[in-house]
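# Remarks on the overall topology
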Amino acid sequence: MLDVKILRQNTEEIKKAMESRNEDPRQIDKIIALDEKRREFIQKADELKAKRNQLSKAVAKLKSAGKKEEAAKNIEESKDIGNKIKEFDDRLRETEEKQEALISQLPNIPLENVPVGKDEKSNKEIMKWGEPGTFQYEPKPHWEIGPELGMMDFERASKMSGARFVVLSDRIARLERALINFMLDYQTEKNGYSEINIPYLVKRDTMFATGQLPKFEEEAYKTTPDDMFLIPTAEVFLAGMHKDEILEESELPKKYCAYSACFRREAGSYGKDVRGMIRVHQFDKVELVKYTKPEDSFNELEKLTNDAESILRELDLPYRKILLCTGDMGFGAAKTYDLEVWLPSYKSYKEISSCSNDTDFQARRANIRYRNKENKLEYLHTLNGSGLAVGRTLVAILENYQNKDGTVTVPEVLRGYMGGAERIFG
RNA sequence: GGAGAGGUGGCCGAGCGGCCGAAGGCGCUUGCCUGCUAAGCAAGUGAGGACUUAUGUUCUCCGAGGGUUCGAAUCCCUCCCUCUCCGCCA
């Protein structure tokens, strides 16, 4: 959520920023026009309220002095004013609601060093790590490797649950679990995050706080009869956890990680990634979230991204790091790095983690503040990133570690989690 | 699902129509005291908005929304949330 004051003060800049995010800058004009009306109503109502307060005080005095008639006069006048106040308050609330509805649809403002661009073509590659392997044969995609091993079943998944689901079994099921444990252990033990085990169902306001609602309701799975939502990412819970709280400066930065299943309708992605388990309605992810002081969030994003990268390096998977342009970033993000892992089946890099600085955007929506050095309350900054998407990591391992005979080598760091297995074979 | 209790400032907690933005305590800030720390003493200390900025003026906020009233933290209604007990259940 953006601050109206900033819209008022830096109107032209914000309009440009919104344009760079493929939003209609005229929305800003609408909001500012509403804001002028809003302030006008506030002033009028406040004046009347001050008057009424005066009269009320006078009534109390007159009554205790036994001057009933004079009191009655004031009461009459006060009644009259009360009606006018109601009128202005109603109009005020109406404009406030309209304004709020528009503002809550606006995405975050990009940070200065974010490349401006309309879509992913303007994203900037920051670095590459590792070399994509060369194969003496045509490498298989995971949707062949898995089923041929008899451990990945798309037919039964769709029979039971529909399209875009997958069933894993035996060693591949174990590999999924190994990855979750490895990632959690690594992020907690090596990178200093506290592990949180979270609910997968959340209330409507929780979804609003992180920016999933109201704009992206189409994307979420809603449940009946209680209007609960299945979380599309653990971020929803982790970044909302301190809603309406005031944190002490000394507790910052707070670093959380959580494993969760994630649920997405993928409403707008017809025809995209239809094969395999790259894009499914339910997937596992280990998520990282930080709460930081505003002045630290910039650096903390670098660290958080590096924490996510460390998993890819430990697994020895070739990847690259991309700085997203203004038009390609998520709703709440002010700056985002994507990590993309090499996938032989795609013959390209594919997103496996997205790490964002959300600045005070979510903190404002969720009302999360901290007490700064001057003892003043201030919105803090939130950051989030995948560390990593487990399903896609599994895919990357199957494809990059595949052998000609159809077996898959288990990355060294995972062997301890796989009962010592070095290879997956049918 | 049934019954009950409750939601007040950073935290705890009193108040139950005007003297309440709210006692008291904790915490925090400053000063005094003090070999250091702790303790003690004194003073200060809620948030948000509008107008104006040199100071300042004013409004709103005691879970949310409505109502009664000249006036509501306090009375009435609706909703949300939390807790306890009973039932059911992994």
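See the structure printed just above.
Residues numbered from 1 in each chain as written. Chains lettered and ligands numbered in written order. Predicted model: local features only at pLDDT ≥ 70, side-chain atom pairs only at ≥ 80, totals over all residues. Heavy atoms only, no water.

## Examining the packing of helix α7 (residues 170-190) against helix α12 (residues 390-400)
As a reminder, the rule being used: Orientation is described by axes fitted as lines to C-alpha atoms, over the contacting stretch for helices, and by angles from 0 to 180 degrees between their N-to-C directions. To qualify as a helix, a DSSP run of H or I must reach at least 4 residues; to qualify as a strand, a run of E must reach at least 2; elements of each kind are numbered from the N terminus. An angle below 35 degrees is treated as roughly parallel, one above 145 as roughly antiparallel, one from 65 to 115 as roughly perpendicular, and anything else as oblique. Crossings are assigned a handedness: left-handed for a near helix turned anticlockwise from the far helix by less than a right angle, right-handed for a clockwise turn. Contacts between residues were defined by any pair of non-hydrogen atoms, one from each residue, lying within 4.5 Å. Charged residues are taken to be Asp, Glu, Lys and Arg, nonpolar residues to be Ala, Val, Leu, Ile, Met, Phe, Trp, Tyr, Cys and Pro, and polar residues to be all remaining types, Gly included.
For the pair α7 and α12, interaxial distance at closest approach is 10 Å and the crossing angle is 120 degrees. By the angle between their axes, α7 is oblique relative to α12. The interaxial crossing formed by α7 with α12 has right-handed handedness. Of the residues in α12, those touching α7 at Ile-172, Leu-175, Glu-176, Leu-179, Ile-180 and Met-183 are Val-390, Gly-391, Thr-393, Leu-394, Ile-397 and Leu-398. For the contact of α7 with α12, the residue count by class is 9 nonpolar, 2 polar and 1 charged.

## What about the environment of Glu-295?
The cut-off we apply is this: A 1.4 Å probe rolled over the protein chains alone gives each residue an accessible area, and that area as a share of the maximum for its type sets the label: buried under 20%, exposed over 50%, partly exposed in between.
You can see Glu-295 is positioned in the loop between β10 (282-292) and α10 (297-314). Among the residues examined, Glu-295 registers a relative accessible area of 48% and is labelled partly exposed. In this structure the C-alpha to C-alpha distance between Glu-295 and Ala-333, which are 38 residues apart in sequence, comes to 16 Å. Contacts of Glu-295, omitting those with residues within four sequence positions, involve Tyr-370 and Lys-373.

## Some points on the nonpolar core
To keep it simple, the criterion reads: Here, nonpolar core means buried Ala, Val, Leu, Ile, Met, Phe, Trp, Tyr and Cys residues that are tied together by side-chain atoms lying within 4.5 Å of each other.
Membership of the largest hydrophobic core comes to 55 residues, with the highest contact counts inside it found for Leu-175 and Leu-179. With 9 residues, the top contributor of residues to this core is α7. When near neighbours in sequence (up to four residues on either side) are disregarded, Leu-179 contacts Leu-315, Val-390, Thr-393, Leu-394, Ile-397 and Leu-414. Grouped together as the second largest cluster of nonpolar side chains are 24 residues, Val-202, Ala-234, Val-236 and Tyr-291 included.

## So, helix α4 (residues 68-103)
To keep things clear, this is the line we draw: One less than the residue count of a helix, multiplied by 1.5 Å, gives the span that helix is expected to have.
The first and last C-alpha atoms of α4 sit 50 Å apart over 36 residues, in line with the 52 Å expected at 1.5 Å per residue. Of all the residues in α4, the buried ones are Ala-71, Asn-74, Ser-78, Ile-81, Gly-82, Ile-85, Phe-88, Leu-92, Thr-95, Gln-99 and Ile-103. For α4, the elements touching its buried residues are α1 (4-9) and α3 (26-64).

## As for the pairing of strand β12 (residues 335-343)
Rules: Being paired, for any two strands, means DSSP has found at least two bridges between them.
In terms of residue burial, β12 counts as a mostly covered element, since 9 of its 9 residues are buried. Pairing of strand β11 (residues 319-323) with β12, which is carried by 5 bridges, proceeds in the antiparallel orientation. Bridge pairing links Tyr-319 to Val-341 in β12. Two elements, β12 and strand β13 (residues 348-357), share 9 bridges in a ladder whose sense is antiparallel. Across the sheet, the residue bridging to Leu-343 is Ser-348, located in β13. Here β12 folds back onto β13 in antiparallel fashion, the turn holding 4 residues, of which Lys-347 has a positive phi close to 50 degrees.

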